Amino acid sequence: MPTAGHMNTEGSSGGGGEGGVTTTNTKGAQSMIPTFPLAESWVWARIKAEAHRDAEEEPALASFLYATVLSHPSLARSLAFHLANQLCSPTLLSTLLYDLFLHSFSSAPSLLSDTVADLLATRQRDPVCHSFSHCLLYFKGFLALQAHRAAHLLWAQGRRPLALVLQSRVADVFGVDIHPAARVGRGVLLDHATGIVVGETSIIGDNVSILHHVTLGGTGKATGDRHPKIGDGVLVGAGATILGNVRVGEEAKVGAGAVVLIDVPPKTTAVGNPARFVGGTGSPVGHEDLPGLNLDHNLWSDYVI
């Protein structure tokens, strides 16, 4: 099972060419994205250009866009500033959070490359995401995930009280509750994100897409390794509940509202409560698509209750 920060741009973008990666957005347009580390500067340039455009088209947003994007020299500083202002409180100052986030993204370069992969994932997969800047500024699933990456780093460094404070603030502000010990890969899309709960020993692979009100939880008072393991390229539909130390194999699909209590084989679709495999447990019907990337929710064509 992969951990955060191990996959390259080619893996998260699906297709490549010399010196870059060819991607297709939801409108069918293709563009060339350079490989890391050039991808960071490429995405940051796009974000600034989009912010300039939005400020010209909507002058009421000019001050906000200048303070949040255009006044900053880098993606790391812009993201740190925005997260700090989103998550601060009267007793948790934005200046403290800004320094905390900036130090996290500066001291662990893999975090920033993961952020870029998440930006690319959201822009490419979510049909309502019309620009990188909109994702950076307004998509709470993306923002919650980046705050979690910083909290996870703090947890690994033994700064657990501070990591738990970040978890609490993210849950309060964004409605997304990810334990700071949970391990999350790159190129992850949390679509809508409201109500997502991820337990302490959960692992989420690369290029995973998770919709709102998904729970990766335990089954009771068990301790130790007790939460789900989600493989690369998995799609988890809205309202799905996956409980216990079960494994959802690479490129599997979990249908909306499913309750998964058993392992799901790779490239298999699980639907229902309790979850069943399309085609039956003995001979589940496999699929050759990439559900985590294409968000194909057409899950039930072979399923009969």
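The model shown is predicted, which means the values in this text are computed figures rather than measured ones.

Caption draft 1: Molecular detail of the environment of Leu65. Residue placement: Leu65 occurs in helix H3 (residues 62-70). For the pair Leu65 and Ala51, spaced 14 residues apart in the sequence, the C-alpha separation amounts to 6.2 Å. Those residues within four positions of Leu65 in sequence are excluded, and the remaining contacts are Ala51, Asp54, Ala55, Leu70, Leu137 and Tyr138.

Caption draft 2: Fine view of the sheet that holds strand E10 (residues 229-230). The strand order across the open sheet formed by four strands is E4-E7-E10-E13, and the pairing between neighbours is parallel. The sheet is open, and its two edges are formed by strand E4 (183-184) and strand E13 (247-248), each paired on a single side. Bridge count between E10 and E13: two bridges; the pairing is parallel. If you follow Ile230 over to E13, its bridge partner there is Val248.

Caption draft 3: Main features of the nonpolar core. One finds Ile47, Phe101, Leu119, Ile204 and Ile242 to be the most contacted residues of the largest nonpolar core, which totals 79 residues. Those elements that provide at least two residues to this core are helix H2 (38-57), H3, helix H4 (75-87), helix H5 (94-107), helix H6 (109-125), helix H7 (132-138), helix H8 (140-156) and helix H9 (160-174). The greatest single-element share of this core, amounting to ten residues, is contributed by H8. Beyond its immediate sequence surroundings of up to four residues, Leu119 is in contact with Val43, Ile47, Leu75, Phe132, Cys135, Leu136 and Phe142.

Caption draft 4: Highlighting the packing of H5 against H6. Axis separation between H5 and H6 bottoms out at 4 Å; the angle between their running directions is 95°. Taken together, the axis directions place H5 and H6 in an arrangement best described as roughly perpendicular. On H6, the residues touching Ser104, Phe105, Ser106 and Ser107 of H5 are Pro109, Leu111, Leu112 and Thr115. Considering only residue class, the contact of H5 with H6 consists of four nonpolar, four polar and no charged.

Caption draft 5: Broad picture of the packing of aromatic side chains. Considering all chains together, one arrives at two aromatic pairs under this definition. Aromatic side chains Trp42 and Phe132 sit 5.8 Å apart centroid to centroid with 85° between the ring planes, which places their arrangement in the edge-to-face category. Of this pair, Trp42 sits in helix H2 while Phe132 is found in helix H7, placing the two residues 90 residues apart along the sequence. An angle of 25° between the planes, with centres 6.4 Å apart, marks the rings of Phe64 and Tyr138 as stacked. Remark: Tyr138 occurs in helix H7 and Phe64 occurs in helix H3; sequence separation between them is 74 residues.

The rules behind these values
Residues numbered from 1 in each chain as written. Predicted model: local features only at pLDDT ≥ 70, side-chain atom pairs only at ≥ 80, totals over all residues. Heavy atoms only, no water. Helix = DSSP H or I, 4+ residues; strand = E, 2+ residues; numbered from the N terminus. Contact = heavy atoms within 4.5 Å. Pairing = 2+ DSSP bridges. Core = buried A, V, L, I, M, F, W, Y, C linked by side-chain atoms within 4.5 Å. Buried < 20%, exposed > 50% of the residue type's maximum accessible area, 1.4 Å probe, protein only. Axes fitted to C-alpha atoms, helices over the stretch in contact; angles between N-to-C directions. Parallel < 35°, antiparallel > 145°, perpendicular 65-115°, else oblique. Nonpolar A, V, L, I, M, F, W, Y, C, P; charged D, E, K, R; others polar. Phe/Tyr/Trp six-rings, centres within 6.5 Å; stacked < 30°, edge-to-face > 60°.

The analysis is restricted to geometry; functional conclusions fall outside its scope.
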